[in-house]
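# Structure assessment
Residue strings, one per chain:
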Amino acid sequence: MTTFADKPARTASSADFIALDERWSTHNYHPLPVVIAEGEGAWVTDVQGERYLDFLSGYSALNFGHRHHELVSAAVEQLGRVTLTSRAFHHDQLGLFCRELAELTGTELVLPMNSGAEAVESALKVARKWAYRVKGVPEGQAQIVVADSNFHGRTTTIVSFSTDDTARADFGPFTPGFVVVPYGDAAALAEAVTDRTAAVLLEPIQGEAGVVVPPDGYLAEARRLCDEAGALLIADEIQSGLARTGTVFALDHERVTADLYTLGKALGGGIVPVSAVVGRADVLGVLKPGEHGSTFGGNPLACAVGRAVVRLLSTGEFQQRSTSLGAHLHTRLSELVGHGVSAVRGRGLWAGVDLASGGPTGREASEALRARGVLCKETHGHTLRLAPPLVIEESDLDRGIDALAEVAGRPA
Ligand SMILES: *Cc1c(COP(=O)(O)O)cnc(C)c1O
């Protein structure tokens, strides 16, 4: 008897793999019914040999596309040397990675971790310790101000200050010490920042919320309020950073500097999870041996891939691509407003597209796009998030936008 496991991938159907996932993997996602077997650049191929344009890029973890050759070679070369040492010992990639990332980002010190959520957790811990030891906030009183509709990850502390009921319900009791204000409202922020504020934590553009760009001057005002109150500004650039918006940080567009930045997603080149907190030496410097760490954080393989990512970003080529392709994307998307699209937001090669009521929902549009060979994902009921890899060809970008125009303009 031939069992499912004996079938070579190419003869088993998508339905077989989907059934297997549904039987054995926890249902904490609701994926589109496509089973990817290979990827290259902006394209993926499913188990039946169908090709799709990737307009999601692993939520910006694949800014350089699938299997960028320089990233793959860096990984393969490191696989042939050493992959893990733990931080009990030094290795020959860590210091180089940290120096190169600090130089790229104009920061002083790097704290390497693995997932985005861990980078955010690390920044929160650092901010609290800094508040007690440097700012002089009374023990146990430090507050961190965050924005509503934020997305900073999935740990218990991080969902403690989420305003998304699905992300929070049944996961309490929650971590105290967070104050939530409306995103983009400078007056509300001014009211919330006090002498007990350790930090203000913001996404310069809110990705998960639907690629929401704050009003002009909001981020500069956040910087000013933090300076006035002696609080830290922490920019979560896990999704918005590393060339996604045309600059290393989305904050760069506003000429604003944060005290700490969290990075993740594209920092691992789509190969391994790599995250980091980067920022001021006097702030990250509050951590002493034993107070924080990670078995895998800063491992040799992660550092080698991260160094190759930094090398790609240091030429400016990807920032340039995001800027020029992004201008094209936004010009074309703005022409769809009134034709099944009610609003478009974003910056660089990154867009939130609100579908007009009366047309398909975000989920229906994602499924219809899949049927036309384009993969993207809804975020909330009627919004699609577009984040094609920065390596995409303009003709492929147009192909995806044409499919979107067709899908959005069609009655439900
Ligand atoms: C994805 C994301 C995170 C969490 O990253 P994980 O690697 O999934 O833990 C945090 N902040 C922002 C802005 C993100 O987009």
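Residues numbered from 1 in each chain as written. Predicted model: local features only at pLDDT ≥ 70, side-chain atom pairs only at ≥ 80, totals over all residues. Heavy atoms only, no water.

## Observations regarding helix H11 (residues 300-314)
- Taking 1.5 Å of rise per residue, 15 residues should cover 21 Å, and H11 covers 21 Å from first to last C-alpha, within 8% of that figure.
- By the criterion of burial, H11 is predominantly enclosed, with 13 of the 15 residues buried.
- Where H11 begins, the capping side chain belongs to Asn299, and its oxygen is found 3.1 Å from the backbone nitrogen of Leu301.
- In the segment just after H11, Gly316 is the residue with positive phi, at about 85°. (Helix = DSSP H or I, 4+ residues; strand = E, 2+ residues; numbered from the N terminus. Expected span 1.5 Å × (residues − 1). Buried < 20%, exposed > 50% of the residue type's maximum accessible area, 1.4 Å probe, protein only. Polar contact = N/O pair within 3.5 Å; in protein donor to acceptor, adjacent residues only side chain to side chain.)

## Focus on helix H12 (residues 317-334)
- End to end, H12 covers 25 Å across 18 residues, agreeing with the expected 26 Å (1.5 Å per residue, within 8%).
- All of the buried residues in H12 are Phe318, Gln319, Ser322, Leu325, Gly326, Leu329, His330, Arg332 and Leu333.
- Lining the buried residues of H12 we find H11, strand E11 (341-346), strand E12 (351-355), strand E15 (383-386) and helix H14 (394-408). (Contact = heavy atoms within 4.5 Å.)

## Some remarks on the environment of Gln206
- Among the secondary structure elements, Gln206 is positioned in the loop between strand E7 (197-202) and helix H9 (218-229).
- Classification of Gln206 by relative accessible area gives buried; the value is 2%.
- In sequence terms Gln206 and Tyr183 are 23 residues apart; their C-alpha atoms lie 8.9 Å from each other.
- If we ignore the near neighbours within four places in the chain, the residues touching Gln206 are Ala147, Asp148, Ser149, Asn150, Tyr183, Val211 and Val212.

## Structural notes on the domain arrangement of the protein
- You can read the domains of the protein as domain 1 (69-314) and domain 2 (335-343 + 355-387 + 398-412).
- Centre-to-centre separation of domain 1 and domain 2, based on C-alpha positions: 31 Å.
- Of the residues lining the interface, seven residues belong to domain 1; the matching set on domain 2 comes to five residues.
- Carbon and sulfur atoms supply 45% of the area buried between domain 1 and domain 2, which totals about 480 Å² over both sides.
- Note that Arg385 is salt-bridged to Glu208, the shortest N-O span being 3.0 Å. (Domains from an automatic or database assignment. Buried area = accessible area lost by both parts, 1.4 Å probe. Salt bridge = Lys/Arg side-chain N within 4 Å of Asp/Glu carboxyl O.)

## Thoughts on the pattern of salt bridges
- Within the structure shown, the criterion is met by 18 salt bridges.
- Taking the shortest distance from any N to any O, the salt bridge between Asp259 and Arg280 comes out at 2.9 Å. Residue Asp259 is located in the loop between strand E8 (232-236) and strand E9 (260-263), and its partner Arg280 is located in the loop between strand E10 (275-279) and helix H10 (281-284); the two are separated by 21 residues in the primary sequence.
- For Asp259, a relative accessible area of 6% corresponds to the buried category.
- What makes Arg280 partly exposed here is its relative accessible area of 28%.
- For the salt bridge of Glu367 with Arg363, the shortest nitrogen-to-oxygen distance reads 2.9 Å. Of this pair, Glu367 and Arg363 both sit in helix H13 (residues 362-371), four residues apart, roughly one helical turn.

## Some words on the site of the ligand
- All residues adjacent to the ligand are Ser115, Gly116, Ala117, Phe151, His152, Gly153, Glu203, Asp236, Ile238, Gln239 and Lys265.
- A distance of 3.4 Å separates a nitrogen atom of the ligand from a polar atom in the backbone of Phe151.
- A distance of 2.7 Å separates an oxygen atom of the ligand from a polar side-chain atom of Gln239.
- When the ligand is considered free in solution it has 390 Å² of accessible area, and contact with the protein chains removes 81% of it.
- Grouping the amino acids of the shell around the ligand by side-chain chemistry returns three nonpolar, five polar and three charged. (Near = heavy atom within 4 Å. Areas by Shrake-Rupley, 256 points an atom, 1.4 Å probe, with all protein chains shown as cover. Nonpolar A, V, L, I, M, F, W, Y, C, P; charged D, E, K, R; others polar.)

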